[in-house]
Amino acid sequence: MKMKRTASGIVFDGFNYCLMVLIAFITLYPFWHLLVQSVLPYEEAIKSNFYLIPRKVTFEAYQYVFTNFQFFRSLVISVGVTVLGILYQLLITCMAAYSLTKKNLPGRNFLLFFIVFTMFFGGGLIPYYLLIKNLNLVGSLWVMVLPFAVNTFYLIIVKTSFSSLPVELEEAAFIDGAGYYRCFFRIVLPLSIPMLSTIGLFIAVGQWNNWFTPMLFLNERQDWPLALLLRDILVVNNTDFVRNGGMQPQRQLLSNSIKAAVAIVSILPIVAVYPFIQKYFVKGVMIGAVKS
């Protein structure tokens, strides 16, 4: 039976719609501004700082970006580091979390205290740099993968999720002759796909946007990931990216469009991946939230 809407209800719904539209506009406009700026000719870009619909469109900035060897190399490095980082961190984090769910693990309480302790106290930047130097990782691309084996916050989430799984599943597997490794790879991980997808997304975003680590330990520009190259272009305002491409001096006026194009291209991979794991996201965030 359809309920009759009151005047106050209509006004309330209208206010909510207007508020949601305003919030959506405030959220999406910075991306739209970058997209429009990346396709604007220079003479149009300098007229106004507020763009809704471009009058003239040019793809010279994108053409230059995709034909620039440094950009392509940085993109490949970022993709490789992100994929390796996801697999590496998920494997180590899940194995550590699964071990900590076992109450018969020797020193379990001490290990949990030691792990949580690292969330609040750290050694500082200088000891961290000396550690990386002693491991001979300075100047190596592995410095963006190996030191990030475990994130304490992710470890606690994964442990909580594993603890919420029925114990009877493992007990039945043990009766059938399975061991801990088989239970882990055949039972625990398949049942935790929503949570693993969510944690994997968090790891991917962190790896993709990591510019601080390569800035400290990678001295060669050719080894820079896309995040550090983007920072060098936008924050430091380094025009070597433009000059190295052999552009004519008058065409350097397109550098703002190139900056916007690089920013758009660097955002696209994460945006493209998110829709495929969106169905797991809400369930993955909430799973294990009730049981501690």
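Above this note sits the structure.
Residue positions are given per chain, counted from 1 along the sequence in the order it is written. For a predicted model such as this one, the threshold for reporting local features is a pLDDT of at least 70, and the threshold for listing and counting side-chain atom pairs is 80 or more; totals across whole chains, interfaces and linings nevertheless cover every residue. Here the side-chain values reflect all heavy atoms present in the structure, with hydrogen atoms and water set aside.

Draft legend 1. Structural context of the pattern of salt bridges. Only one rule defines a salt bridge in this text: a Lys or Arg side-chain nitrogen within 4 Å of an Asp or Glu carboxyl oxygen. Applying the stated criterion across every chain, the model contains 3 salt bridges. A salt bridge links Asp223 to Arg73; its shortest N-O distance comes to 3.7 Å. Of this pair, Asp223 sits in the loop between α11 (212-217) and α12 (226-234) while Arg73 sits in helix α4 (residues 69-100); the two residues are 150 residues apart in sequence, bridging distant segments of the chain. Assessed through its relative accessible area of 13%, Asp223 is described here as buried. For the exposure calls, accessible area comes from a 1.4 Å probe over protein chains only, and a residue counts as buried if that area is under 20% of its type's maximum, exposed if over 50%, partly exposed in between. With a relative accessible area of 29%, Arg73 lands in the partly exposed category. Salt-bridge contacts for Lys102 lead to Glu170; the nearest nitrogen and oxygen are separated by 2.8 Å. Taken as a pair, Lys102 in the loop between α4 and α5 (108-120) and Glu170 in helix α8 (residues 167-175) lie far apart in primary sequence, 68 residues in all. Here Lys102 and Glu170 have matching classes, each one buried. We count a stretch as a helix when DSSP gives it H or I for four or more residues in a row; a strand needs E for two or more, and each element gets its number in order from the N terminus.

Draft legend 2. Representation of the packing of aromatic side chains within the structure. Note on ring pairs: Phe, Tyr and Trp rings are taken, using the six-membered ring of Trp, and paired if centres are within 6.5 Å. Classes follow the plane angle, with under 30 degrees stacked, over 60 edge-to-face and the rest tilted. Scanning the entire structure with this criterion turns up 14 aromatic pairs. Plain terms: the ring middles of Phe153 and Tyr154 are 6.2 Å apart, the flat faces sit at 55 degrees to each other, and that makes the pair tilted. Given a relative accessible area of 46%, Phe153 falls into the partly exposed group. Taking the relative accessible area as the measure of exposure, Tyr154 reaches 15% and is therefore buried. Following the ring pairs from residue to residue traces out a cluster consisting of Tyr98, Phe162, Phe184 and Phe185.

Draft legend 3. Here's a closer look at the environment of Ser164. Position of Ser164 relative to the elements: it lies in the loop between α7 (152-163) and α8. Distance from Ser164 to Thr101, taken between C-alpha atoms, is 9.8 Å for residues 63 residues apart in sequence.

Draft legend 4. Structural context of the layout of surface pockets. Cavities and pockets are found on a 1 Å grid laid over the protein atoms alone: a cavity is a set of points where a 1.4 Å probe fits but cannot escape, a pocket is an open set with protein on both sides within 12 Å along at least five of seven lines, and a lining residue has an atom within 4 Å of such a point. Grid points are joined across faces, edges and corners, and a volume is the space filled by probe spheres set on the points. Space inside the largest pocket adds up to approximately 690 Å³. Forming the boundary of the largest pocket are 24 residues, of which Pro147, Phe148, Val150, Asn151 and Thr152 lie nearest the centre. A breakdown of the residues in the lining of the largest pocket according to their chemical character gives 14 nonpolar, 10 polar and no charged. The classification used treats Ala, Val, Leu, Ile, Met, Phe, Trp, Tyr, Cys and Pro as nonpolar, Asp, Glu, Lys and Arg as charged, and all other residues, Gly among them, as polar.

Draft legend 5. Structural view of empty space enclosed by the protein. In this structure the tally under the stated criterion is 2 cavities of 30 Å³ or more. Looking at the largest cavity, its volume works out to about 50 Å³. Along the walls of the largest cavity sit Ile77, Ser78, Val81, Thr82, Met144, Gln207, Trp208, Asn210 and Pro225, which together make up its complete lining. Contributions of two or more residues to the lining of the largest cavity are made by α4 and α10 (193-208).

Draft legend 6. Fine view of the packing of α5 against α7. All axes are obtained by fitting lines to C-alpha atoms, using only the stretch in contact for helices, and the reported angles, taken between N-to-C directions, cover 0 to 180 degrees. Relative orientation of the contacting elements α5 and α7 amounts to 140 degrees, with a least axis distance of 9 Å. Regarding the angle of α5 to α7, the classification is oblique. Side by side, α5 and α7 meet where Arg108, Leu112, Ile115, Val116, Thr118 and Met119 of the first sit next to Thr152, Phe153, Leu155, Ile156 and Lys159 of the second. Split by residue class, the contact of α5 with α7 holds 7 nonpolar, 2 polar and 2 charged. Between 65 and 115 degrees an angle is taken as roughly perpendicular, under 35 as roughly parallel, over 145 as roughly antiparallel, and anywhere else as oblique. For this analysis, residues touch if any pair of their heavy atoms sits within 4.5 Å.

Draft legend 7. How the structure looks around α12. Where burial is concerned, most of α12 is hidden: 7 out of the 9 residues are buried. Residues Leu226, Ala227, Leu228, Leu229, Leu230, Asp232 and Ile233 constitute the buried set of α12.

Draft legend 8. Up close: a nonpolar patch on the surface. Patch members must show over 30% relative accessible area and no salt bridge, and they are joined within 9 Å when carrying like charges or within 5 Å when they are nonpolar side chains of Val, Leu, Ile, Met, Phe, Trp or Tyr. The accessible surface values rely on the Shrake-Rupley method and a 1.4 Å probe; as for residues, cover is taken only from the protein chains in view. A contiguous nonpolar patch, built from Phe15, Leu19, Met20, Leu22, Ile23, Phe25, Ile26, Trp32, Leu35, Leu52 and Ile53 and spanning about 1100 Å² of accessible area, is present on the exposed surface. Among the structural elements, Phe25 can be located in helix α1 (residues 7-39). Since its relative accessible area comes to 42%, Phe25 is described here as partly exposed.

Draft legend 9. A look at the nonpolar core. Among buried residues, those of type Ala, Val, Leu, Ile, Met, Phe, Trp, Tyr and Cys that are joined through side-chain atoms within 4.5 Å constitute a nonpolar core. The biggest cluster of nonpolar side chains holds 22 residues, and the ones touching the most others in it are Cys94, Val158, Phe162 and Ile199. Of all the secondary-structure elements, those providing two or more residues to this core are α4, α7, α9 (180-191) and α10. Setting aside residues no more than four positions away along its own chain, Cys94 makes contact with Val158, Phe162, Phe184, Leu189 and Leu196.

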